[in-house]
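Descriptive analysis of the structure
Here is how the chains run, residue by residue.
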Amino acid sequence: MVQITRAADLTVIGANGGGWVAPTGSSAPDSPLTQPLTPWAALGAISDDGLVYGFDEDSQEFTPWGLTSPFRTQITKSVRTFGLTLWETSRTTVQSIMYRIPEGDLEPDVDGITSFAETASPTPDRRAWWFVVLDGSTAKGFYVPQGEISDRSDVTFKQDEMSGYEITVTAYPDEAGNTVYHTDSVPATPVAPSS
């Protein structure tokens, strides 16, 4: 009889988590179990839809004459994204990334009023990103050294709905050619039964 090894503690339910942003060049936190320190700034509450780690890939198949199945496939595009909805829309860090302006430009005046303008010609706004997913004894950390908001959804202001900034962050290659660095704290994988 075949023995199938299963371990529930090796599964992940995105029960909790968070996100932080910092200037590019900021070092990744050492562990998803430690609190990120300055210059990392918290993104605050994230909607209960959690974090979506996206894969957008294209490939080219090569099928030789006389065959109906390809004998080689070449990846021609491989993009990593992170999607989330930020609920703390009045947090200056969140406004800064949403509107692509420096956080210092969001300081209120003497009357407590904050004023800023959205430009019709935004410049690139790359930043470092740190996302953490927590589930019991499992903690997964995603460090994006060069990321930028590449998609922003409409914002709804309605009595029976939380307003939020639904964003997609695209990860770009760093100097080493890497887009996302993983730092995980996960239970050990059990040894499979031998025959």
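See above for the structure.
First, a word on what this report is: a plain description of the structure on this page.

Before going further, it helps to spend a moment on the pattern of salt bridges. Under the counting rule described, the total for this entry stands at six salt bridges. Where arginine 80 meets glutamate 57, a salt bridge forms, and the shortest distance between an N and an O atom there is 3.3 Å. Taken as a pair, arginine 80 in strand S4 (residues 72-86) and glutamate 57 in strand S3 (residues 52-62) lie far apart in primary sequence, 23 residues in all. Owing to a relative accessible area of 40%, glutamate 57 belongs among the partly exposed residues under this scheme. Between aspartate 125 and arginine 127 there is a salt bridge, with the nearest N and O atoms lying 3.0 Å from each other.

Once that is clear, we can look at the layout of surface pockets. Roughly 220 Å³ of volume is contained in the largest pocket. If you go around the largest pocket, you meet 13 residues; those closest to its centre are Gly14, Asn16, Gly17, Gly50 and Leu51. Secondary structure elements with two or more residues in the lining of the largest pocket: strand S1 (16-23) and strand S5 (127-135). Considered class by class, the residues forming the lining of the largest pocket number six nonpolar, six polar and one charged. What the second largest pocket holds in volume is close to 150 Å³. Ser47, Asp49, Thr85, Trp87, Asp154, Val155, Thr156, Glu161, Met162, Ser163, Gly164 and Glu166 together form the lining of the second largest pocket.

Turning to empty space enclosed by the protein, a few remarks are in order. For the structure shown, the criterion picks out one cavity of 30 Å³ or more. Of the pockets and cavities examined, the largest cavity occupies roughly 30 Å³. Sorting the residues of the lining of the largest cavity by element identifies S5 and strand S6 (138-152) as the ones contributing at least two each. For the lining of the largest cavity, the residue count by class is three nonpolar, no polar and three charged.

Right, let's get into helix H1 (residues 92-99). Counted residue by residue, H1 has six buried out of eight residues, so it is predominantly covered. Following H1 by one or two positions, arginine 100 adopts a phi angle in the positive range, close to 60°.

Here the focus is the nonpolar core. Counting 19 residues, the largest nonpolar core has Leu43, Phe82, Leu86, Ile97, Trp129, Phe131 and Ile167 as its most contacted members. Of all the secondary structure elements, the ones that give two or more residues to this core are S4, H1, S5, S6 and strand S7 (165-171). Broken down by element, this core gets its largest block of residues, four residues, from S7. Setting aside its immediate chain neighbours within four residues, phenylalanine 82 contacts Leu51, Val52, Tyr53, Phe131, Phe142, Val144, Ile167, Thr168, Val169 and Val180.

Note on placement: serine 26 falls in the loop between S1 and strand S2 (41-42). Its relative accessible area of 9% is what places serine 26 among the buried residues. One polar contact links the side chain of serine 26 to the main-chain carbonyl oxygen of proline 23, over a distance of 2.6 Å. Excluding residues that lie within four positions of it along the chain, serine 26 makes contacts with Pro39, Trp40, Ala128 and Tyr143.

A cluster of acidic residues, Asp48, Asp49, Asp151 and Glu166, forms a negative patch on the protein surface. In this structure, aspartate 151 sits in strand S6.

Further remarks concern the environment of aspartate 56. Looking at where aspartate 56 falls in the secondary structure, it is placed in strand S3. The class for aspartate 56 is partly exposed, based on a relative accessible area of 35%. With 24 residues separating them in the primary sequence, aspartate 56 and proline 32 have C-alpha atoms 25 Å apart. If sequence neighbours within four positions are ignored, aspartate 56 has contacts with Lys77, Ser78 and Val79. A distance of 3.0 Å separates polar atoms of two side chains, one belonging to aspartate 56 and the other to lysine 77.

Analysis parameters
Starting from 1, residues in each chain are numbered consecutively following that chain's sequence as written. Where totals are concerned, whole chains, interfaces and linings use all residues; where local detail is concerned, this predicted model gives features only for residues with pLDDT of at least 70, and gives and counts side-chain atom pairs only at 80 or more. Values shown for side chains rest on all heavy atoms present in the structure; no hydrogens or waters enter the calculation. We count a salt bridge whenever a side-chain nitrogen from Lys or Arg sits within 4 Å of a carboxyl oxygen from Asp or Glu. Secondary structure follows DSSP: runs of H or I at least 4 residues long count as helices, runs of E at least 2 residues long count as strands, and numbering of each begins at the N terminus. Burial classes: relative accessible area under 20% of the type maximum marks a residue as buried, over 50% as exposed, and values in between as partly exposed (1.4 Å probe, protein chains only). Detection works on a 1 Å grid of protein atoms alone, calling trapped sets that fit a 1.4 Å probe cavities and calling open sets with protein on both sides within 12 Å along at least five of seven lines pockets, with lining residues defined by an atom within 4 Å of a point. Grid points are joined across faces, edges and corners, and a volume is the space filled by probe spheres set on the points. Only Asp, Glu, Lys and Arg are considered charged, only Ala, Val, Leu, Ile, Met, Phe, Trp, Tyr, Cys and Pro nonpolar, and every remaining residue, Gly among them, polar. Residues grouped as a nonpolar core are buried Ala, Val, Leu, Ile, Met, Phe, Trp, Tyr and Cys residues, joined through side-chain atoms within 4.5 Å. Whether two residues touch is decided by their heavy atoms; if any such pair falls within 4.5 Å, the residues are in contact. Think of a polar contact as two N or O atoms within 3.5 Å of one another; within protein, one of them needs to be a possible hydrogen donor and the other a possible acceptor, and neighboring residues in sequence only count if both atoms come from side chains. By definition, no residue in a patch forms a salt bridge, and every one has over 30% relative accessible area; like charges are joined within 9 Å, nonpolar side chains (Val, Leu, Ile, Met, Phe, Trp, Tyr) within 5 Å. Residue exposure ignores everything except the shown protein chains as possible cover, and the areas themselves are Shrake-Rupley values with a 1.4 Å probe. In this count, Lys and Arg are taken as positive residues and Asp and Glu as negative ones, while His and the chain termini are left out. Here the site of a charge means NZ on Lys, CZ on Arg, CG on Asp, or CD on Glu.

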